[in-house]
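Spelled out from the first residue to the last, the chains are:
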Amino acid sequence: MDQESIRCGELLHSIVRAVGTAVIGKEQEIALVVLALIGGGHVLLEDVPGVGKTGLVSALSRAVSCGFKRIQFTPDIMPSDITGFSVYNQKTGEFEFRPGAAMSNFVLADEINRASAKAQASLLEVMEEKQVTIDGKTHILPEPFMVLATQNPLDNLGTYPLPEAQIDRFQMKLSLGYPSYEQERRIMAMTEEEKAEVPSVAAGADILAVREAAARVRVDDSLRNYIADLVTATRGHGSVALGVSPRGSIALYRLSRVRALYEGRDYVLPDDVKFLAPFVLAHRLILRPEAKLDGLMARTVIGEILEATPIPLPDVERHGRGQVK
C-alpha cells in the first residue's frame, strides 16, 4: 500500500469519527455519506422523522469546516428560493444577484417530496452541473458541494413523489433506522453542547485532494467488466421494468475507488463493488407492478444479481495483495 492511500484512509476515518460524536451508532451510514462526498455525488436519506438525518448533515459540515444551509421543502417553495434571484439596485442602476440556499457546500433538502415538481426540478441543474443560471448568467457553486435530501417513506399525504430522472441523480439512497436500546440511552443523555462539539478534522481543500487521489486508484479490467455485468443484469431481470442507467454504473465505479481509499488501498477489490452495489443501484430500479404486488424489494433483486454474477479475480488478487470474501 502506498503512503498516500493510507493518509487518505486515515483522514476519511477521522471525519467519520468526528461526525459520530454527534450521531450515535450510525458509523456505516456516516461512512457511506462521506464516501459519496468524496465521490462528488448526492445522497437521498429516506427514513421516518427524528432519527438524526438533519443532525448528520450538520455534523458533517462542521467536521470538514464547510458551509451548510437547510431548505425546508413545502408546497409553496419557489425555485428562486433554491437557486437565487436578481434584484434591481436603484443606487447602481444594475441588477444584483442574491444567492439562494443552494449556494453552499452542504445543502439539506428537508422533505424534498413535499415541494412541487417545479421546485424539485430546480435542483436538477444544481445537482448535475453544480451551477445555477439566473438571467443568463452562470454562477458556479462552491466545492466541495453536496445535496442531501430527506423524505418520509410513510407519510405520502400532500407529497409530490420524485420522478425517476431526479432519483437517478442521487448517488446513493440510505436509511438510518432506529438506534439500538443502548444507543438510545446514550442519545437521551447527550446535551446540546455535546451535540454541537463536533471537532473540525478537515477542510474543503482536503476533500478535493482526496478526490484527486481517488481518481488515481487502480481498477482492474475484470472489475470494470464485473460492474458492467451487474448493471446489465438489472436490465434483463424478469421482475424489473426499468434497469440501472449508465449513471448508476459510473457511480458504482467511482465509489468503489473511494471505498478502496477508505480501506487504505490504492486498488479496488470485488468486495468494494459488492458492498456498495445495494446502496448505489437499488433505488435506480423500477420494478414491474406484479413484482411490487408480491412484495419484492429492489434490494432483494440486487442481492439476487450479486449472487448470480461470478466474482472476478483481479491481478492484485492473483499476486496475493488481497482476498475475495
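Residues numbered from 1 in each chain as written. Predicted model: local features only at pLDDT ≥ 70, side-chain atom pairs only at ≥ 80, totals over all residues. Heavy atoms only, no water.

Caption draft 1: Fine view of the sheet that holds strand β8 (residues 146-151). Strands sit in the order β2-β5-β8-β1-β9 across an open sheet of five strands; the sheet is parallel. Only two strands of the sheet have a single partner each, and these edge strands are β2 (68-72) and β9 (172-174). Averaged over all pairs of adjacent strands, the angle between strand axes in this sheet comes to 20 degrees, irrespective of strand direction. Where β2 lies against strand β5 (residues 106-110), five bridges are found, and the strand directions are parallel. Paired with Arg70 across the bridge in β5 is Leu108. In the packing of helix α2 (residues 27-38) onto the sheet, the strands contacted are β1 (43-46), β5, β8 and β9, and the crossing angle to β9 comes to about 160 degrees. (Pairing = 2+ DSSP bridges. Helix = DSSP H or I, 4+ residues; strand = E, 2+ residues; numbered from the N terminus. Axes fitted to C-alpha atoms, helices over the stretch in contact; angles between N-to-C directions. Contact = heavy atoms within 4.5 Å.)

Caption draft 2: Representation of α2. The terminal C-alpha atoms of α2, which comprises twelve residues, lie 17 Å apart, in line with the 16 Å expected from a rise of 1.5 Å per residue. Of all twelve residues in α2, ten are buried, a share of seventy percent or more. Looking only at α2, the buried set comprises Glu29, Ile30, Ala31, Leu32, Val33, Val34, Leu35, Ala36, Leu37 and Ile38. Backbone geometry just downstream of α2 places Gly40 in the positive-phi region, at approximately 75 degrees. (Expected span 1.5 Å × (residues − 1). Buried < 20%, exposed > 50% of the residue type's maximum accessible area, 1.4 Å probe, protein only.)

Caption draft 3: Main features of the packing of α2 against helix α11 (residues 246-262). Two elements in contact, α2 and α11, have axes whose closest approach is 9 Å; the angle formed by their N-to-C orientations is 120 degrees. When the axes of α2 and α11 are compared, the pair comes out oblique. In the crossing of α2 with α11, the sense of the turn from one axis to the other is right-handed. Across the interface between the two elements, Ala31, Leu35, Ala36 and Ile38 of α2 pack against Leu255, Val258, Arg259 and Tyr262 of α11. (Parallel < 35°, antiparallel > 145°, perpendicular 65-115°, else oblique. Left-handed = near helix turned anticlockwise from the far one by under 90°.)

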